[in-house]
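Coordinate analysis (summary)
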Amino acid sequence: MFGRIASAGLYLAVFSAFAQSGERVDLGRLPTGATFSFVRTGGGEWGIDISGGAVPRLSQQKPAKIEAFQSENVFRVLAAGYQTISRDSSGIIASAEITCEKNVKFRVLDHWDMNGAVVSVRRKVEVTGTAQTGFNSSVVFTVDPSVPWSDLHCLAPGALYGDPEYNGGRSPGGTLNYEARRFLMREDILPSPLFALSFSNGTSVAMLDPSPRGESTVEETKLLKDVMTDSRFLFGTLGAWQADGCPIEFGFQFPGSTAQFAFDPKTSEKPRWIRRFHPVAQGVVHSYEVRFRFGLDESFRDVTRNTWRWAWNTLKPAIAPVDVEQMRRVLTDHLAAQAATIDGRTAIPFAVATFDTSAPQWNWTMAAMGFVSKNIECADQLLREAERDSAKRGQEMRQIGLSIISSMIRALPTVPLDATGYDLATGKPWTGERQEWLAPWLRNATEGMRVLVRVYRRERDLGRLHPEWFNWVKAYVEWLVRQQRDDGSFPRRWHSGSNEVAEPTGTTSYCPVPLLVVMTEETENPMFLQAAVRAAEYVWKNWGSRGFYVGGASDNSNITDKEAGMLALEAFLALYESTRESKWLERAKSAADYAESWIWIWNLPMPVDADNAKLHWKKGVPTVGLQGITARGAGGVDEYMDWSASSYAKLYSYTNDPHYLDVARILLHATKSMVALPGRLYNMKGIGWQQEHWRLGPGRYGRGVGGHRFWLPWISANHLYSITGLEEFDPVLYDRLSKGK
């Protein structure tokens, strides 16, 4: 893959001769102390050497690399050093000519320049002649052979954060690929086309496509064929790999090829190679740019933060401002319209079709707290809107909100909880399929109850007392602190109505922290704050200090994911606001830096030949603002993170770092691109609807199509909280951001 040197012995001999060559032209000196040089090799051609300073030596004797496809199983790697180099006003122009067949030649023209810690190469490949074959090209560097694979920590936003253990075995950043010493990431699965290597001595090198295009076809994105050739493939692959007996290599290939393991564990342990090429024909446009950033004195957390902000500042994600007040009204009206009442019980159904159908979803009478059902959060939003609208509309919303809360408490009156939701049709625990979805999850219960305490406070301030709400939460929290273990962690899930642990892993121990903090304020009982601190310390020690978070999504128990970062951010912010200890603000910033790296900051086009009516994500709608979901399903996206808009606004307020305000602005506006509004229904059955998720990376259904077209309550709850939470925190800042400023 990308052209490998056959043995370590051969590599060392070539490297030594290369390094000792007498002719050298320097591009410049990096802030790391390394010099980027073009060095004439023994054959008279020019290679690249980056050496000196603390960063491990990087080199490439043959910078012009072409992979040619000849038949289904025959691929040739053609590589050459530069035959000519010359200076211009901004850098070095280097060229090479590679003969493929009798009448086919590739002319590689690279323009290298340096700006501070960043080196860029702009490549153009010109084809002379035509053949019934395909080709791609790559920019690849070899790492000093003294660096072992085990010392390398790789970053691929939304897919890999150093440790692959929690990414799932078969994911692009998972353990099988780690064991194979091969991480290859297609651009269309990444929130930013970025890949970074972090070395054990605190240095790093990151590569970025600064002008990604990402175009492809329906057939290609469905991965129907292992090998395809088409000039419309305009995406690359970034990654690092190590062949047996050889040093580590890393680089960028265009168009991109990958090796992937089938998602089903019953299938072969061997990877499937997906190879993509451009046709060998005159007139084919084959050009791209890659930038390399060299870092010094950076922990892995620093690498994530610094390289992500570098990508952000390079790609400059833009928003198309939405009418926030129109969005608020549309979403609350739609939310109220979904409420269902059976025998005096009211709830927001678990799932409702966004398309015309007379058949209800099989689990529509599920009603739950937190995570994806968020019934108490939905009630909160309806009650907030009722305070803004004293007319009949607001009065009806108030009754719905109050009934949702009272119905939940009546259905789940005892502690330990029997579940974190119930069957609206019976008022009893759900007995149908997927009973585990309503199990006593730590996240679901603490998330819902934290919001309920917030609603309780607001109502109390208005002279409306609900002691039954507070007593229900207090009973749960008093039980919860008895479940905390000596190391500060909490179990992830319990068996129904008991203290018996169903999932012992402590990955979600960030979840109860905000609830424990607010209950400390309400009860003045220091026991709750002590429990919160111990839980947060456990999370930081085990994951946060290493630069990633695990297990936020209840249906992915030990998987690196976005929601874990969001929830850890909430935990650390809650402790900072309560204690004003600076370490919690620093940890909140670190969690925020991790969480935002799941946000798409470039626009990926839908397949050029797709029927827009069949796409779930429509052509021309910006993908900026979407977020990856889990590392296990890299390339899948939703808009869950707009719930964190107020958290990033808080960080801006507490740190004066304007970048966090930029993130809040993206979360307020860009996350609502696919909400059906008047004049843009997107094949939905009416305004206010939006389906839960989509796929941008390749897969079974192809780019731009989700696994289902159902609405879940979290969609509206999160969209609305991005508005109301921000407004509650700082009305002036809300007014500024709502206008797109």
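Everything below is about the structure shown above.
About the criteria used
Residues numbered from 1 in each chain as written. Predicted model: local features only at pLDDT ≥ 70, side-chain atom pairs only at ≥ 80, totals over all residues. Heavy atoms only, no water. Axes fitted to C-alpha atoms, helices over the stretch in contact; angles between N-to-C directions. Helix = DSSP H or I, 4+ residues; strand = E, 2+ residues; numbered from the N terminus. Parallel < 35°, antiparallel > 145°, perpendicular 65-115°, else oblique. Left-handed = near helix turned anticlockwise from the far one by under 90°. Contact = heavy atoms within 4.5 Å. Buried < 20%, exposed > 50% of the residue type's maximum accessible area, 1.4 Å probe, protein only. Arc of directions from axis to C-beta. Polar contact = N/O pair within 3.5 Å; in protein donor to acceptor, adjacent residues only side chain to side chain. Pairing = 2+ DSSP bridges. Salt bridge = Lys/Arg side-chain N within 4 Å of Asp/Glu carboxyl O.

Next up on the list: the packing of helix α6 (residues 375–388) against helix α16 (residues 713–729). Close contact between α6 and α16 brings their axes to 9 Å; oriented N to C, the two are set at 50 degrees. By the angle between their axes, α6 is oblique relative to α16. α6 and α16 meet at a crossing whose hand is left-handed. Side by side, α6 and α16 meet where Glu 377, Cys 378, Gln 381, Arg 384 and Arg 388 of the first sit next to Pro 713, Ala 717, Leu 720, Tyr 721, Thr 724, Glu 727 and Glu 728 of the second.

Turning next to helix α17 (residues 731–738). Those residues of α17 not exposed but buried are Leu 733, Tyr 734, Leu 737 and Ser 738. Seen end-on, α17 carries its buried residues on one side only, within an arc spanning 130 degrees. Summarising the geometry of α17, the exposed residues directed more than 90 degrees from the buried face are Pro 731 and Val 732. Where α17 is buried, its residues contact α5 (324–338), α14 (645–655), α15 (658–669) and α16. Its side-chain oxygen placed 3.1 Å from the backbone nitrogen of Val 732, Asp 730 serves as the N-cap of α17. Gly 740 lies just past α17 and shows a positive phi near 80 degrees.

If you trace the 3 strands from one edge of the open sheet to the other, you get β30-β31-β32, paired in antiparallel fashion. With partners counted over all chains shown, the strands left at the sheet margins are β30 (627–628) and β32 (694–695), one partner each.

Attention now goes to the environment of Gly 134. Looking at where Gly 134 falls in the secondary structure, it is placed in strand β11 (residues 134–143). Each C-alpha atom of the pair Gly 134 and Ser 71 lies 9.3 Å from the other, and the pair is 63 residues apart in sequence.

Let us now look at the pattern of salt bridges. One pass over the full model with this rule turns up 57 salt bridges. With a shortest N-O distance of 2.8 Å, Glu 220 and Arg 276 are connected by a salt bridge. Here Arg 276 lies in strand β21 (residues 272–279) and Glu 220 lies in helix α3 (residues 218–221), a separation of 56 residues in the sequence. Per residue, the accessibility class of Glu 220 equals that of Arg 276, and both read buried. Among the salt bridges present, the one from Arg 443 reaches Glu 563, with a minimum N-O distance of 2.6 Å. With a gap of 120 residues between them, Arg 443 in helix α8 (residues 442–461) and Glu 563 in helix α12 (residues 562–579) connect regions that are remote in the sequence. One salt-bridge network, held together by shared partners, links Glu 325, Arg 328, Arg 329, Asp 333, Glu 385, Arg 388, Asp 389, Arg 393 and Glu 727.

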